[in-house]
Amino acid sequence: MTNKSPADEMLQIDLCSGQVRVMLCETTATVQKCADIHETTPVCTAALGRLMTGTLMLGIMMKGENESVTVQIKGDGPIGSLTAVADHGDVRACADFPHIEIPLREDGKLDVGGAVGHRGRMSVIKDLGMKKQYIGQSELVSGEIAMDFANYFTVSEQQPSLVALGVLVSGEAVLKAGGLLIQPLPGCPDEIIDQLELRSPMFADISREMTFAPIEQLCEDWFRGMNPRILERTPLRYRCTCSRERMEKALISLGRKDLQSLIDEDQGAELVCHFCRSKYHFTTEELAGLIR
Ligand SMILES: [Zn+2]
């Protein structure tokens with residue numbers, strides 16, 4: 001009886017003949033996959049989901065083929081540090097402590113800011129290929145993640161931005177997840193910016209709005225009269241890039257002494273990928289091969 005929910009997707013939209021750039025996405029299946037892999041508690045699902053959704057927006061902005069972006073949040077909350085890596089529409093993420101639980105906020109919502117912490121740093125590392133990197137850093141403003149992304153865009157990229165990120169969770173199920181980014185481009189008239197600010201309460205609870213209508217419909221409703229045009233659509237998914245070869249490189253980087261002690265004391269090694277929990281086993285013979 002139920003329709004299978006549509007696949008995750010990022011819409012790139014312009015408003016008012018190119019004076020405003022908008023990104024609007026659904027990430028429900030992506031966040032569910034992350035929750036399944038890491039067996040997250042609801043508040044950690046929400047934190048990782050918001051982080052992945054924001055990181056995907058940055059990932060979609062990177063145009064070069066071998067470019068990727070990593071966003072790391074290190075706050076003073078119990079979840080520890082959070083990392084997400086987006087490679088265009090592919091994303092993966094992990095947290096130091098994905099099983100922590102904390103009480104709901106007074107308004108009954110998940111306390112993402114309490115889990116992440118209200119003080120700390122957000123780092124954005126853009127890998128431009130050919131060993132070129134751009135690193136931007138900003139202070140956390142709330143730990144709720146959407147405001148932290150908005151602050152990053154404004155402070156580090158000098159691009160004023162409105163960001164909404166939402167994950168609606170019920171136990172282990174991700175009901176809806178998604179996000180919205182609005183960026184008025186240079187020269188955008190004040191009347192348009194005022195209009196967008198006036199409408200911002202409509203976007204505030206984005207994951208709940210998404211339970212009522214697909215994102216194309218929300219785009220029509222929210223930006224009525226502003227001539228919204230969908231310029232590009234990109235499928236989104238949770239995907240890890242680990243491989244046995246990459247794990248071998250990680251082992252080799254340990255150096256001869258540590259590899260030898262793995263052979264002598266541990267009779268082999270088992271490496272677990274932080275992002276997808278895949279296990280890679282290396283026998284002592286294989287480790288000896290790496291030393292050579
Ligand atoms: Zn992996």
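These lines cover the structure that appears in this document, whether it is placed above or below. (Residues numbered from 1 in each chain as written. Predicted model: local features only at pLDDT ≥ 70, side-chain atom pairs only at ≥ 80, totals over all residues. Heavy atoms only, no water.)

The next point concerns the pairing of strand E9 (residues 173–184). E9 sits mainly inside the fold: ten of its twelve residues count as buried. Sheet topology places strand E2 (residues 20–26) next to E9; seven bridges connect them, and they run antiparallel. Following the sheet pairing, Met23 is matched in E9 by Leu181. As paired elements, strand E8 (residues 162–170) and E9 share nine bridges and run antiparallel to each other. (Buried < 20%, exposed > 50% of the residue type's maximum accessible area, 1.4 Å probe, protein only. Helix = DSSP H or I, 4+ residues; strand = E, 2+ residues; numbered from the N terminus. Pairing = 2+ DSSP bridges.)

Strand order in the open sheet made by the five strands is E8-E9-E2-E1-E10, with antiparallel pairing throughout. Edge positions in the sheet fall to E8 and strand E10 (229–235), since each of these pairs with one other strand and no more. Across the sheet, the mean angle from the axis of one strand to that of its neighbour is 10°, orientation sign disregarded. The pairing of strand E1 (residues 9–15) with E2 spans seven bridges and is classified as antiparallel. If you follow Gln12 over to E2, its bridge partner there is Met23. Across the sheet, helix H1 (residues 28–38) touches E2, E8 and E9, and the angle it forms with E9 is around 125°. (Axes fitted to C-alpha atoms, helices over the stretch in contact; angles between N-to-C directions. Contact = heavy atoms within 4.5 Å.)

Turning our attention to the coordination of the zinc ion. Around the zinc ion, the protein contributes the donor atoms Cys240 (SG), Cys242 (SG), Cys273 (SG) and Cys276 (SG), which lie 2.2 to 2.3 Å from the metal centre. Of note is the zinc ion, whose four donor atoms meet at the metal with angles of 102 to 116° in an arrangement that counts as tetrahedral. Sequence positions of the residues that donate to the zinc ion give the spacing C-x1-C-x30-C-x2-C. Classification of Cys240 as buried rests on a relative accessible area of 19%. Cys242 sits in the partly exposed class, given a relative accessible area of 21%. (Donors = N, O, S within 2.8 Å, 3.2 Å for Na, K, Ca; no water. Tetrahedral: all angles 85-135°; square planar, octahedral: opposite > 155°, others 65-115°.)

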